[in-house]
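Understanding the architecture of this molecule
Residues per chain are reported as follows:
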Amino acid sequence: MRHPEAGIVRREVINCLPAVAEIAECGSRPERMQCIDFLSMFGRLDEYCYGRAAYLLTMIGVTGRDEADAVAIELDDLSGSVDFPTDR
């Protein structure tokens, strides 16, 4: 069963996505790596979040070799371990 405040947390996380996308696009390498970590956690919330996270991770993956390696690991982990709750 989902926590009663899960919807609030999800909305807040979704609201910060434009900032994460901006940091991923214009930030330094360490900032992009933190975005990868954040998006990996975000992608586990539900199907919508998974789709947004996968898209943004793919965009970050083209910015450099280290980023591409980290994104590949996270996308593989996400695709193999996500089991979305069915009670909404």
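As a starting point, this report considers the structure included with it.

1. Things to note about the overall build of the protein
Scanning the protein from terminus to terminus reveals five helices and zero strands. Counting contacts in the protein only where the partners sit at least 6 residues apart, residues at least 24 apart contribute 62% of the total. When the accessible surface of the protein is summed, it comes to about 5,700 Å², and 56% of that surface belongs to carbon and sulfur atoms.

2. Focus: the nonpolar core
If you look at soluble globular proteins, the nonpolar side chains tend to sit buried side by side. Ranked by internal contacts, the top residues of the largest apolar core, which has 16 residues, are Ile36, Leu39, Phe42, Leu57 and Ile60. Apart from residues lying up to four places away in sequence, isoleucine 36 is in contact with Leu57, Ile60, Glu67, Ala70, Val71 and Glu74.

3. Notes on the packing of helix H2 (residues 17–26) against helix H3 (residues 29–42)
Two numbers describe how H2 lies on H3: the axes approach to 9 Å, and their chain directions differ by 145°. Crossing angle aside, the handedness with which H2 passes H3 is left-handed. From H2, Leu17, Val20, Ile23 and Ala24 reach across to H3, where they touch Glu31, Arg32, Cys35, Phe38, Leu39 and Phe42. Taken together, the residues that form the contact of H2 with H3 break down as eight nonpolar, no polar and two charged.

4. A closer look at the pattern of salt bridges
For the structure shown, the criterion picks out four salt bridges. Among the ionic pairs, arginine 32 bridges to glutamate 67, the shortest N-O distance being 2.7 Å. Taken together, the residues span a long stretch of sequence, with arginine 32 in helix H3 and glutamate 67 in helix H5 (residues 65–81) at a distance of 35 residues. Residue class for arginine 32 comes out buried when judged on its relative accessible area of 14%. With a relative accessible area of 3%, glutamate 67 lands in the buried category. As a salt-bridge pair, aspartate 77 and arginine 44 come within 2.4 Å of each other at their nearest N and O atoms. Taken as a pair, aspartate 77 in helix H5 and arginine 44 in the loop between H3 and helix H4 (47–61) lie far apart in primary sequence, 33 residues in all. The class of aspartate 77 is partly exposed, set by a relative accessible area of 33%.

5. Examining H2
Looking at H2, one finds that the buried residues are Leu17, Val20 and Ala24. Each buried residue of H2 lies within a common arc of 60° when the element is viewed along its axis, so the set occupies one face. In H2, those exposed residues whose orientation departs by more than 90 degrees from the buried face are Pro18, Glu25 and Cys26. Of the surrounding elements, those touching the buried residues of H2 are helix H1 (6–15), H3 and H4.

Conventions we followed
Numbering of residues begins from 1 in every chain and follows the order in which that chain's sequence is written. Only residues with pLDDT of at least 70 get local features here, since the model is predicted, and only at 80 or more are side-chain atom pairs given and counted; chain-wide, interface and lining totals rely on the full set of residues. Excluded from the side-chain calculation are hydrogens and water; included are all heavy atoms of the structure. The way it works is that DSSP assigns letters per residue, a run of H or I at least four long becomes a helix, a run of E at least two long becomes a strand, and they are numbered from the N terminus. Only heavy atoms matter for contacts: two residues are in contact if any of them lie within 4.5 Å across the pair. The accessible surface values rely on the Shrake-Rupley method and a 1.4 Å probe; as for residues, cover is taken only from the protein chains in view. For the purposes of this section, nonpolar cores are sets of buried Ala, Val, Leu, Ile, Met, Phe, Trp, Tyr and Cys residues that join through side-chain atoms within 4.5 Å. Accessible area is worked out with a 1.4 Å probe on protein chains only. A residue is then buried under 20% of its type maximum, exposed over 50%, and partly exposed in between. Here the axes come from fitting lines to C-alpha atoms, over the contacting stretch only for helices, and the angles between their N-to-C directions go from 0 to 180 degrees. Crossings are sorted by hand: turned counterclockwise from the far helix by less than a right angle, the near helix makes the crossing left-handed, and turned clockwise it makes it right-handed. Throughout, the ten residues Ala, Val, Leu, Ile, Met, Phe, Trp, Tyr, Cys and Pro are labelled nonpolar, Asp, Glu, Lys and Arg are labelled charged, and all others, Gly among them, are labelled polar. In the sections that follow, a salt bridge refers to a side-chain nitrogen of Lys or Arg positioned within 4 Å of a carboxyl oxygen of Asp or Glu. By construction, the arc corresponds to the directions joining the helix axis to the C-beta atoms.

By themselves, these are just geometric observations and shouldn't be taken as functional.
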